[in-house]
Amino acid sequence: MMMAAAYHFAKGMIKPVAALAVVAMAVGLSHLQGLGLEREMVYSIFRAFLQLSVIGFVLQLIFSSENVAWIFLAYIFMVCVAGHTAGQRAKHVPSGKYIAGASILAGTSVTMLVLVLLRVFPFTPRYIIPIAGMMIGNSMTVTGVTMKRLRDDVKSQINQVETALALGATPDQAIKQPVKRALVVGLSPVLDNAKTVGLITLPGAMTGLIMGGASPLEAVQLQIVVMNMLVGAATVSSITSTYLTWPGFFSCAHQLRVYVFSSD
């Protein structure tokens with residue numbers, strides 16, 4: 001079975017290889033403009049090819065087995081990678097990687113549970129793993145941006161926060177406005193995307209279905225579900241990240257830990 005899959009994969013690589021022509025164009029333009037990005041472009045495309053090829057064969061194996069245990073293994077793996085990546089963006093937040101991972105886990109698992117209980121998707125690897133991947137990837141971006149913005153916002157207004165504490169405000173009261181601003185900044189791209197979907201771009205899930213021969217109406221129905229779950233998961237993840245992040249900014253005596261904001 002795997003040999004047959006490998007043969008069909010190699011046979012189908014003619015078009016992806018042909019599409020490298022546009023990458024060559026980008027590399028040439030980078031060279032002409034003196035950007036110095038040629039090596040990084042080639043490396044990025046090679047890495048994407050390698051990663052997608054490997055995951056393609058892994059998913060082929062998982063889908064053929066129909067074992068639900070793979071769902072949990074794949075889900076935990078994706079959350080760990082996403083938490084690490086989001087934590088890198090918010091690297092100055094105390095325990096940032098763990099907070100990001102926990103937030104992404106909370107947002108995506110709650111959203112997925114609701115979808116499964118409502119029978120929007122069957123609980124099988126073929127459905128749950130790709131759906132989880134979309135939610136985790138989106139929540140990863142939102143969570144990283146929210147955590148970084150919260151820390152940067154508090155740093156820029158550290159005097160106001162300390163003044164509020166000196167006047168008797170509790171840490172959650174002193175940091176209420178920075179939390180709101182961080183959430184707005186983190187969620188705005190997701191909401192903007194939802195408002196313009198179908199008007200400016202056709203999202204990946206919808207495009208893939210249409211190119212695969214599905215009815216545009218069926219593709220639209222699935223895309224509506226996808227947009228709903230992305231907004232839900234991103235909102236829960238970002239809010240969770242703020243609740244887990246801001247306590248690390250304060251000591252047990254309700255004082256700001258200045259060292260958290262001393263580095264850039």
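Below or above, wherever it landed, is the structure these notes cover. Fair warning: this is a prediction, and the values are worked out from it, not measured in the lab.

1. Regarding the packing of helix H11 (residues 204-211) against helix H12 (residues 216-245)
- Between H11 and H12, whose axes approach to 8 Å, the crossing angle comes to 160°. As summarised for this structure, H11 and H12 are arranged roughly antiparallel, according to the angle between their axes. Two packed elements cross with a definite hand, and for H11 against H12 that hand is right-handed. Across the interface between the two elements, Ala205, Met206, Leu209 and Ile210 of H11 pack against Pro216, Ala219, Val220, Leu222, Gln223 and Val226 of H12.
- The residue inventory of the contact of H11 with H12, partitioned by class, reads nine nonpolar, one polar and no charged.

2. Here's the deal with the pattern of salt bridges
- Evaluation of the coordinates by the stated rule reveals four salt bridges.
- In this structure, lysine 148 engages aspartate 152 in a salt bridge whose closest nitrogen and oxygen atoms are separated by 2.9 Å. Placement of both lysine 148 and aspartate 152 in helix H7 (residues 125-156) is noted, with a separation of four residues, approximately one turn of the helix.
- Using a relative accessible area of 36% as the deciding quantity, one classes lysine 148 as partly exposed.
- One salt bridge in this structure joins aspartate 192 and lysine 195, with 3.4 Å as the shortest N-O distance. With aspartate 192 and lysine 195 both in helix H10 (residues 176-196) and three residues apart, this pair spans about one turn of that helix.
- Within this structure, Lys148, Arg151 and Asp152 form a network of salt bridges that share partners.

Quick notes on the rules
Residues numbered from 1 in each chain as written. Predicted model: local features only at pLDDT ≥ 70, side-chain atom pairs only at ≥ 80, totals over all residues. Heavy atoms only, no water. Axes fitted to C-alpha atoms, helices over the stretch in contact; angles between N-to-C directions. Helix = DSSP H or I, 4+ residues; strand = E, 2+ residues; numbered from the N terminus. Parallel < 35°, antiparallel > 145°, perpendicular 65-115°, else oblique. Left-handed = near helix turned anticlockwise from the far one by under 90°. Contact = heavy atoms within 4.5 Å. Nonpolar A, V, L, I, M, F, W, Y, C, P; charged D, E, K, R; others polar. Salt bridge = Lys/Arg side-chain N within 4 Å of Asp/Glu carboxyl O. Buried < 20%, exposed > 50% of the residue type's maximum accessible area, 1.4 Å probe, protein only.

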